[in-house]
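What follows is each chain in one-letter form.
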Amino acid sequence: MITMDDIIREGRPTLRKVAKEVTFPLSEEEKNLGNELMEFLENSQDPQKAEELQLRGGVGLAAPQVDVSKRITAVLVPSLDPDSKEPEFKDVLYNPKILSHSVQEACIGEGEGCLSVDRDVPGYVVRQARITLRYYNAEGEKKKIRLKNYPAIVVQHELDHLNGVLFYDHINKESPFTLNEGVLVIE
Ligand SMILES: CC(C)(C)[C@H](NC(=O)Nc1cc(F)cc(F)c1)C(=O)N(CC(=O)NO)CC1CCCC1
Ligand SMILES: [Zn+2]
């Protein structure tokens, strides 16, 4: 089971590597890793387990963050409506790729953080507002979906990890809270 001790932090070289694509059929190890990444997110969003295991509430976790340089990431975005059980987006993505995206850009109003970054880095992280994502699931089935709002931001944050990019690489050093015309701010 993955806990915070397994998550490598900035400074570790794997976080700055371009991860390798997986080939199908997946090895048992690659299948297990995908499930473990998702299990971490589920545990981290369960108040009792998060407390017991001292986990930060996570919505996405990529293989390079547990020192495995492979193009695998899990995403679990809970629904905004606390009553509904269904998450807004939940899947383990193998070889994910953004096929196309909106011209419009978006950012999270309070900026971003990262499970691999133990410090606050203030500033807007401007990303694509809407994306068309292609990925393979553990069975090797090709998926093509469109995402917008928070799920689109999370997926782009995770795909960055597969390319050795960290959220603060996108922050404008001179003026971290400057936004161009038309950038959607997601609260
Ligand atoms: C860095 C951290 C603050 C832990 C962030 N968590 C988060 O946004 N929590 C959260 C939000 C919810 F809407 C519901 C919920 F249950 C928990 C996160 O997991 N990530 C993922 C990450 O670090 N992946 O490598 C950072 C987010 C910043 C923008 C997108 C992902
Ligand atoms: Zn991250």
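Procedures and definitions
Residues numbered from 1 in each chain as written. Chains lettered and ligands numbered in written order. Predicted model: local features only at pLDDT ≥ 70, side-chain atom pairs only at ≥ 80, totals over all residues. Heavy atoms only, no water. UniProt positions renumbered as here; feature names shortened; annotations may be inferred. Donors = N, O, S within 2.8 Å, 3.2 Å for Na, K, Ca; no water. Helix = DSSP H or I, 4+ residues; strand = E, 2+ residues; numbered from the N terminus. Buried < 20%, exposed > 50% of the residue type's maximum accessible area, 1.4 Å probe, protein only. Salt bridge = Lys/Arg side-chain N within 4 Å of Asp/Glu carboxyl O. Phe/Tyr/Trp six-rings, centres within 6.5 Å; stacked < 30°, edge-to-face > 60°.

Under an unreviewed UniProt entry, the chain has the name Peptide deformylase and belongs to Tetragenococcus solitarius. Entered under Catalytic activity (unreviewed entry) in the UniProt record, the comment concerning the chain runs "N-terminal N-formyl-L-methionyl-[peptide] + H2O = N-terminal L-methionyl-[peptide] + formate".

### Describing the coordination of the zinc ion (ligand 2)
Each protein donor to the zinc ion (ligand 2) is listed here as Cys-114 (SG), His-157 (NE2) and His-161 (NE2); together their distances run 2.1 to 2.3 Å. Sequence positions of the residues that donate to the zinc ion (ligand 2) give the spacing C-x42-H-x3-H. Residue His-157 and its partner His-161 are located together in helix 3 (residues 149–162), separated by 4 residues, close to a single helical turn. Assessed through its relative accessible area of 11%, His-157 is described here as buried.

### Observations concerning the pattern of salt bridges
The full count for this structure, using the stated rule, is 8 salt bridges. When the shortest N-O distance is used, the salt bridge between Arg-119 and Glu-10 registers 2.7 Å. Of the two residues, Arg-119 sits in the loop between strand 4 (105–108) and strand 5 (127–128) while Glu-10 sits in the segment before helix 1 (28–44), which places them 109 residues apart along the sequence. Close ionic contact of Glu-42 with Lys-90 constitutes a salt bridge, the shortest N to O distance being 2.6 Å. Of this pair, Glu-42 sits in helix 1 while Lys-90 is found in strand 3 (residues 89–101), placing the two residues 48 residues apart along the sequence. The partly exposed category is assigned to Lys-90, whose relative accessible area is 40%. Because the salt bridges share partners, they merge into one network encompassing Glu-112, Arg-127 and Asp-160.

### Notes on the packing of aromatic side chains
For the coordinates displayed, the defined rule picks out 4 aromatic pairs. Ring centres of Phe-24 and Tyr-94 lie 6.3 Å apart, and the angle between their planes is 75°; on these two criteria the pair is classed as edge-to-face. Taken together, the positions of Phe-24 in the segment before helix 1 and Tyr-94 in strand 3 put the pair 70 residues apart, joining distant regions of the chain. Ring centres 5.4 Å apart and planes at 75° place the aromatic pair Phe-167 and Tyr-168 in the edge-to-face group. The two residues Phe-167 and Tyr-168 agree in class, both being buried. An aromatic cluster is defined as three or more aromatic residues linked by ring pairs; in this entry it consists of Phe-24, Tyr-94 and Tyr-136.

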